[in-house]
Amino acid sequence: SYSYEMQVSGSGTLSVSVYLRHGAIEKVNLSGDYFQLHDGLEDALNGRLCGVIPNRESIWNALAGLDPGSFVCGLDIDMLASAFAPVRNDGGRSG
């Protein structure tokens, strides 16, 4: 299990806690002091990510089509994905 905290421009601080079981995401919790536009991001993330191995490709595939900015002001898909599969210095894709 791990947590990731990010500053969302114009919105505040969003903390993402990821609980793992057998190497796969079991549950996601969101907390922090941020400007929420609509409820449901945590449920959407749990529905998409439960059972997913937290690596860059799997996370991106699971989050495809999700618009996190419709839930949290200023949150984009790149920021959100980084909470689940932080970029490592291992030759991964740069963007």
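Residues numbered from 1 in each chain as written. Predicted model: local features only at pLDDT ≥ 70, side-chain atom pairs only at ≥ 80, totals over all residues. Heavy atoms only, no water.

## Points about the overall build of the protein chain
Thinking step 1. Assigned secondary structure in the protein chain consists of 3 helices and 3 strands.
Thinking step 2. In the protein chain, the succession of α and β elements from N to C terminus is β-β-β-α-α-α.
Thinking step 3. Expressed as a percentage of the 95 residues in the protein chain, the buried residues total 35%.
Thinking step 4. Expressed as a percentage of contacts within the protein chain between residues at least 6 apart in sequence, the contacts between residues at least 24 apart total 45%.
Thinking step 5. With the model as given, the accessible surface of the protein chain reaches about 5,500 Å², and the carbon-plus-sulfur share is 47%. (Helix = DSSP H or I, 4+ residues; strand = E, 2+ residues; numbered from the N terminus. Buried < 20%, exposed > 50% of the residue type's maximum accessible area, 1.4 Å probe, protein only. Contact = heavy atoms within 4.5 Å. Areas by Shrake-Rupley, 256 points an atom, 1.4 Å probe, with all protein chains shown as cover.)

## Observations concerning the confidence of the model for the protein chain
Thinking step 1. Across the protein chain, the average pLDDT comes to 88, with 89% of residues at 70 or higher.
Thinking step 2. Mean pLDDT per element in the protein chain: helix H3 (residues 77-84) is the minimum at 90, and helix H1 (residues 41-49) is the maximum at 97.
Thinking step 3. When the criterion is pLDDT under 50, residues 87-95 qualifies, and its contacts beyond four places in sequence or with other chains add up to 4 contacts. (pLDDT = per-residue confidence, 0-100.)

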